[in-house]
Amino acid sequence: MQARPSLPIGLFDSGMGGLTVLKALATTLPSEHLLYLGDTARLPYGTKGRETIIRYTLAAAGKLVARGVKMLVIACNTATANALPVVQAKFAPLPVLGVVEPGARAAVQASVSGRIVVIGTEATIRSDVYAKAIHALRPDAITSAKACTLFVSMAEEGMMQGRLVEDICRYYLDDIFGAEARTPKPDTMILGCTHFPLLKTALERVVGGDVVVVDPAATVATGVREELIALDLINTEKGEGTSHFMTTDNQERFARTGSLFLGRTLTVEEIELVDL
Ligand code: DGL
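A brief structural summary. As the structure is a computational prediction, the values presented were derived from the model and not from experiment.

1. Comments concerning helix H10 (residues 217-230)
Compared with an ideal rise of 1.5 Å per residue, which puts 14 residues at 20 Å, H10 spans 20 Å between its outermost C-alpha atoms and is within 8% of the ideal. All buried positions along H10 are accounted for by Ala217, Thr219, Val220, Ala221, Gly223, Val224 and Leu228. Buried residues in H10 make contact with strand S1 (9-13), helix H1 (19-28), strand S3 (71-74), strand S4 (96-97) and helix H4 (100-110). Trailing H10 by a residue or two, Asp232 shows a phi angle of about 55°, which is positive.

Laid out in structure tokens, this is it:
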């Protein structure tokens with residue numbers, strides 16, 4: 001059955017990171033209704049094994065599908081890297097988009113030297129999906145990758161800037177960007193985790209002004225728009241699109257930290273507590 005254009009787009013992340021994608025979608029597609037689910041009860045996904053990530057992602061996607069959505073955006077690199085084909089197969093013909101391919105595309109466009117580093121969670125880096133997506137677009141690219149596990153907790157904590165944040169960034173990135181680095185410096189770094197844009201300013205200071213730091217969110221939003229147009233699913237109702245938020249734990253915390261991710265005040269009343 002063909003979905004209705006007035007249905008919301010469902011977005012999913014393990015926590016609040018996907019709000020960086022929701023923000024980009026709301027800017028690119030202001031008339032679309034957005035339904036967000038952050039699985040904060042099970043966060044982090046990035047330190048878990050593949051089977052667990054697939055199980056959690058299927059449950060979260062099922063929740064959004066049951067509410068009625070016209071498209072699913074997996075606004076989580078970890079879930080995209082480990083579970084995208086499984087979710088696509090399970091919910092076909094519903095369109096299901098991830099964040100890895102758009103991120104790779106944005107990085108290939110930005111890079112001159114072809115030396116691209118991706119930073120993400122352990123489970124994203126282990127999957128090697130970014131290297132594969134980059135090489136599919138630019139076979140001569142030289143990719144490297146680094147799991148930066150603590151960045152997720154820092155972002156969820158609202159720790160975005162300052163000396164301590166930069167020291168932790170250096171702890172992870174010095175072997176790639178520090179004075180002692182043994183390989184030529186990449187010219188592009190992908191924020192391969194939707195939590196990491198919160199640390200973008202600190203990361204830019206640490207890697208230096210000659211490195212392009214790519215946040216895939218804008219490219220994801222452009223891809224969603226193209227897909228909606230292709231499927232004739234653009235919402236043509238009059239008026240602004242709405243955003244509805246669901247979390248699996250602690251609405252107060254979601255409101256507090258979610259406000260940092262969104263750049264506007266989120267109230268507890270806007271957030272629904274759900275179980276998967
Ligand atoms: N936001 C998720 C991502 O993009 C990671 C957070 C987590 O480890 O759950 O990979």
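2. Description of the site of the ligand
In the region of the ligand, 14 residues are neighbours, and Ser14, Tyr45, Asn77, Thr78 and His195 sit closest. Compared with its free state, where it exposes 300 Å², the ligand has 99% of that area covered by protein. When each cavity is represented as a set of grid points, the ligand is found to reside in the largest cavity.

3. Quick look at the pattern of salt bridges
One pass over the structure, following the stated rule, counts 13 salt bridges. The partner of Arg138 in a salt bridge is Asp140, and the shortest N-O contact between them spans 2.9 Å. Of the residues examined, Asp140 reaches a relative accessible area of 52% and is grouped as exposed. Connected through shared salt-bridge partners, Glu166, Asp167, Arg170 and Arg205 make up one network.

4. Regarding the pairing of strand S7 (residues 188-191)
Every regular strand shows the same layout, with side chains that alternate between the two sheet faces. The two faces of S7 match: Thr188 and Ile190 on one face and Met189 and Leu191 on the other face are all buried. Note that strand S5 (residues 115-120) and S7 share four bridges and pair parallel. Opposite Ile116, over in S7, you have Thr188 as the bridge partner. Following the chain from S7 across helix H9 (residues 200-207) to the adjacent parallel strand S8 (residues 212-214), one finds a crossover that is right-handed.

5. A closer look at the sheet that holds S7
Two modes of strand pairing occur in sheets, parallel and antiparallel, and in both the strands are linked by backbone hydrogen bonds. The four strands lie next to each other as S6-S5-S7-S8, forming an open sheet whose pairing is parallel. At either margin of the open sheet sits one strand with a lone partner, and together these are strand S6 (142-147) and S8. Taken pair by pair, the neighbouring strands of this sheet meet at an average axis angle of 20°, ignoring direction. Each of S5, S6 and S7 touches helix H8 (residues 163-177); the most contacted strand, S6, lies at about 160° to it.

6. Some words on the sheet that holds strand S9 (residues 243-247)
The strand order across the open sheet built from six strands is S4-S3-S1-S2-S9-S10, with neighbouring strands paired in parallel fashion. On the outer flanks of this sheet lie S4 and strand S10 (271-273), each paired with one strand and no other. Summarising the sheet, strand S2 (residues 34-38) and S9 pair through five bridges and their orientation is parallel. Considered in S9, the bridge of Leu35 is made with His244. Across the sheet, H1 is in contact with S1, S2, S3 and S9; its angle to S2 comes to roughly 175°.

7. What about the environment of Lys132?
Of note, Lys132 is situated in helix H6 (residues 129-137). Along the sequence, Lys132 and Leu266 sit 134 residues apart, while their C-alpha atoms lie 37 Å from each other.

8. Re the pairing of S9
As paired elements, S9 and S10 share three bridges and run parallel to each other. Across the sheet, the residue bridging to Phe245 is Ile271, located in S10. As for the winding sense of the linkage, the β-α-β connection from S9 through helix H11 (residues 251-262) to S10 is right-handed.

9. Things to note about empty space enclosed by the protein
According to the stated counting rule, one finds two cavities of 30 Å³ or more in the structure shown. Of the pockets and cavities examined, the largest cavity occupies roughly 60 Å³. Classifying every residue of the lining of the largest cavity gives six nonpolar, five polar and one charged. Roughly 30 Å³ of volume is contained in the second largest cavity. Forming the walls of the second largest cavity are Val21, Asn77, Val99, Leu191, Thr194, Asp215, Pro216, Ala217 and Val220. Of the residues contributing to the lining of the second largest cavity, the split by class is six nonpolar, two polar and one charged.

Definitions and limits used
- Residues numbered from 1 in each chain as written.
- Predicted model: local features only at pLDDT ≥ 70, side-chain atom pairs only at ≥ 80, totals over all residues.
- Heavy atoms only, no water.
- Helix = DSSP H or I, 4+ residues; strand = E, 2+ residues; numbered from the N terminus.
- Expected span 1.5 Å × (residues − 1).
- Buried < 20%, exposed > 50% of the residue type's maximum accessible area, 1.4 Å probe, protein only.
- Contact = heavy atoms within 4.5 Å.
- Near = heavy atom within 4 Å.
- Areas by Shrake-Rupley, 256 points an atom, 1.4 Å probe, with all protein chains shown as cover.
- 1 Å grid on protein atoms, 1.4 Å probe; cavity = no way out; pocket = protein on both sides within 12 Å on 5 of 7 lines; lining within 4 Å.
- Sits in = over half its atoms within 2 Å of the grid points.
- Salt bridge = Lys/Arg side-chain N within 4 Å of Asp/Glu carboxyl O.
- Pairing = 2+ DSSP bridges.
- Right-handed = clockwise from strand over helix to strand, strands pointing away.
- Axes fitted to C-alpha atoms, helices over the stretch in contact; angles between N-to-C directions.
- Points joined across faces, edges and corners; volume = space filled by probe spheres on them.
- Nonpolar A, V, L, I, M, F, W, Y, C, P; charged D, E, K, R; others polar.

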